[in-house]
Amino acid sequence: DSLLKWVEKIKIKTSKSRAILSRRKTGKSALMQRLYNIVFAQNDQVVPFYFEIKEHNQWIASFAKDFFFTFIRQYFAFKTRKSEYLSYPDDYEIFIEAAKSEGLEHLILHIKDFESSEKSKFFDRLWDIARDAPRIIAQYRDERVLQMVDEFQFINRHIYWDKYKQRRAEGLAGSYLHTAEYKNAPMLVSGSWVGWLMDDLNKYLPGRFIFMSLKNIPKTEAIEMALNYSEIEQVPITYETACIMADFTEGNPF
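Residues numbered from 1 in each chain as written. Predicted model: local features only at pLDDT ≥ 70, side-chain atom pairs only at ≥ 80, totals over all residues. Heavy atoms only, no water.

Asks: It is not clear to me how the packing of aromatic side chains should be interpreted in this structure. Could you clarify?
Replies: In this description, an aromatic ring pair is defined by two values, namely the gap between the centres and the angle between the planes. All chains considered together, the criterion is met by 23 aromatic pairs. Each ring, one from Trp127 and one from Tyr176, has its centre 5.9 Å from the other, and the planes form 75°; the classification is edge-to-face. Of this pair, Trp127 sits in helix α6 (residues 123–140) while Tyr176 sits in the loop between β5 (159–160) and β6 (187–191); the two residues are 49 residues apart in sequence, bridging distant segments of the chain. A single burial state applies to Trp127 and to Tyr176, both of which are buried. Through a chain of ring-to-ring contacts, the aromatic side chains of Phe49, Phe51, Phe63, Phe67, Phe71, Tyr75, Trp127, Phe152 and Tyr176 assemble into a single cluster. Its guanidinium or amino end placed over the ring of Phe40, Arg81 lies 4.4 Å from that ring's centre, counting from NZ or CZ. The ring of Phe78 carries the charged tip of Arg81 above its face, separated from the ring centre by 5.1 Å. (Phe/Tyr/Trp six-rings, centres within 6.5 Å; stacked < 30°, edge-to-face > 60°. Helix = DSSP H or I, 4+ residues; strand = E, 2+ residues; numbered from the N terminus. Buried < 20%, exposed > 50% of the residue type's maximum accessible area, 1.4 Å probe, protein only. Lys NZ or Arg CZ within 6 Å of the ring centre and 35° of its normal.)

Here it is in structure tokens:
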């Protein structure tokens, strides 16, 4: 409910970027994906964008291209209401032609700019184009973009400046210093390594995010969850056993 109210305020550009802090397997990704589905279904002024930073080493050029095309695919799917765009390949010509046929000509300049920078091997610039694409594209038609970046703490630890992954892009989170402040495309980031994420946001993005912590769920919900798992897994338990499980786990889904 809190996040949906926050999304409503994005429309009038009064929502500040937020960060969800919680340990692994406590429901952050599920929460963000659920929010994405709701905002997508609303089909309103706010365009949802979800991206997960993977926990493996990546060259910044490949990372930027993945980020850029993930946004372009999701933007196409939202504007056209055609989910098939979500499975389209990272192909410049395909999306340029699609932009022409779907009346999304304002995307063509950005797609061509990214393609030109890649061909010219301006790899550092690729990330600048990709990072700013959501908020710049939103400006064309007075739209809003909700940027959800899952496992944000990995941006400083798994992205490298060089193709051979020898020079880590430490402090890359700092590239969001100004981007995170734009009210037409605020961010909702999450992190499982709470200490890392807190350190990164406080050091490189001071004052840019409001912190939200996911606490353990109430005992009544923990009992219900245990009984639900019992039914799904077809392993019968008593209500008393579910209560004991809720006490032992202290309401932590993990």
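Having put the structure on the table, let's press on.
Asks: What is the right way to look at the packing of helix α3 (residues 60–80) against α6 in this model?
Replies: When two helices pack together, their arrangement is captured by the angle between the axes and the distance separating the axes. α6 packs onto α3 with a crossing angle of 20° between their chain directions and a minimal axis gap of 8 Å. Classified by the angle between their axes, α3 and α6 sit roughly parallel to one another. Like other packed secondary-structure pairs, α3 and α6 cross with a definite hand, here left-handed. Contact residues: Ile60, Ala61, Phe63, Ala64, Phe67, Phe68, Phe71, Ile72 and Tyr75 in α3; Phe123, Leu126, Trp127, Ile129, Ala130, Arg131, Ala133, Pro134 and Ile137 in α6. The class makeup of the residues in the contact of α3 with α6 is 17 nonpolar, no polar and 1 charged. (Axes fitted to C-alpha atoms, helices over the stretch in contact; angles between N-to-C directions. Parallel < 35°, antiparallel > 145°, perpendicular 65-115°, else oblique. Left-handed = near helix turned anticlockwise from the far one by under 90°. Contact = heavy atoms within 4.5 Å. Nonpolar A, V, L, I, M, F, W, Y, C, P; charged D, E, K, R; others polar.)

Asks: Can you help me understand helix α4 (residues 92–101) in this one?
Replies: Side chains three or four residues apart in an α-helix point the same way, a direct result of the helix having 3.6 residues per turn. Turning to α4, its buried residues number three or more, namely Tyr92, Phe95, Ile96, Ala98 and Ala99. One face of α4 carries all of its buried residues, which in axial projection span an arc of 165°. Buried-residue contacts for α4 involve α3 and α5 (108–119). Taking the backbone nitrogen of Glu93 as reference, a side-chain oxygen 3.0 Å away marks Asp91 as the first, capping residue of α4. Immediately downstream of α4, the backbone of Gly103 shows phi near 75°, a positive value. (Arc of directions from axis to C-beta. Polar contact = N/O pair within 3.5 Å; in protein donor to acceptor, adjacent residues only side chain to side chain.)

Asks: Please clarify how the sheet that holds strand β4 (residues 144–150) should be interpreted in this entry.
Replies: The strands that make up a sheet pair up through hydrogen bonds in the backbone, lying either parallel or antiparallel. In space, the 5 strands of this open sheet follow the order β2-β4-β6-β1-β7, with parallel pairing throughout. The open sheet has two edge strands, β2 (46–52) and β7 (210–213), and neither has a second partner. Taken over all neighbouring pairs, the strand axes of this sheet differ in orientation by 20° on average, direction set aside. Along the sheet, α6 makes contact with β2 and β4, crossing β4 at roughly 160°. In this fold helix α7 (residues 194–204) packs onto β1 (18–21), β6 and β7, with an angle of close to 160° to the strand it touches most, β1. (Pairing = 2+ DSSP bridges.)

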